[in-house]
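# Overview (structure and organization)
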Amino acid sequence: MPTEDPSQMQSAAWQPPEGSWASSAARRRNMQAIRSRDTKPEWLIRQLVHAQGLRYRVSAKPLRDLRRTADMVFRPAKVAVFIDGCYWHGCPEHYVSPKTNPGYWSDKVTRNVTRDRDTDHRLTEAGWLVLRFWEHESPDECALTISSIVRERRSQLSL
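In every chain, residue numbers begin from 1 and rise along the written sequence. A pLDDT threshold of at least 70 governs which residues receive local features in this predicted model, and a stricter bar of 80 or more applies before side-chain atom pairs are shown or counted, although totals over entire chains, interfaces and linings include all residues. Remark: hydrogens and water are excluded; side-chain values derive from all non-hydrogen atoms of the structure.

## Examining the nonpolar core
Joining through side-chain atoms within 4.5 Å is the link that ties buried Ala, Val, Leu, Ile, Met, Phe, Trp, Tyr and Cys residues into a set, and such a set is a nonpolar core. Residue burial is assigned from relative accessible area. The probe radius is 1.4 Å, only protein chains are included, and a residue is buried under 20% of its type maximum, exposed over 50%, and partly exposed in between. Counting 16 residues, the largest nonpolar core has V49, M72, F74, V81 and I146 as the members making the most contacts within it. Contributions of two or more residues to this core are made by α3 (40-51), β2 (70-74), β3 (79-84), β4 (129-134) and α5 (139-157). Of the residues forming this core, the biggest block, four residues, is contributed by α5. Not counting residues up to four positions away in its chain, the partners in contact with I146 are I45, V49, M72, F74, V81, L131 and F133. In this structure, A60, A70, W128 and V130 belong to the second largest nonpolar core, which totals ten residues. Per the convention used, a helix needs a DSSP run of H or I reaching at least four residues, while a strand needs a run of E reaching at least two, with both numbered from the N terminus. What makes two residues a contact is simply this: any of their non-hydrogen atoms within 4.5 Å.

## Focus: the pairing of β3
Summarising burial for β3: six of the six residues are buried, a large majority. What you see with β3 is no split at all: V79, V81 and I83 on one side and A80, F82 and D84 on the other are buried throughout. A pair of strands is considered paired only if DSSP assigns at least 2 bridges between the two. Relative to β3, β2 runs antiparallel, the two sharing three bridges. Across the sheet, F74 pairs through a bridge with V79, a residue of β3. In this antiparallel pair of consecutive strands, β2 and β3, the connection spans four residues, and K78 shows a positive phi of 55 degrees. Across six bridges, β3 lies against β4 in parallel orientation.

Structure representation (structure tokens):
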């Protein structure tokens, strides 16, 4: 059974898989390596909130019929927490339009922001409180905010 020579494989022009958004093989590998959950900012905030004695669901759907997940869900208090990445969610402070394939990526970020606003609206209508933080915000401050709001909501619901 013949094997392909790796040097010949690299010299051939790279063809993206059908329907792929990748402009190169390297870009595809890079983008596939980006985590959609358990990012460092999420992990740090979760660790701090957990240390304050609060328990929550990770990457859970706040509403069964909504095909979206929050980074942290406090079901009894009806609080959904999202830690948004500056690039993927269009941070006004840090978002920079990409140089490669800018049309596709700018449209993608716009769709993400639109979906975020729709998620906020739907959850709010269902009685949930939505908390959104940027990945560049202080994990300590985010954790303190989450903790105080969840404790306050729990006390209000138990009255």
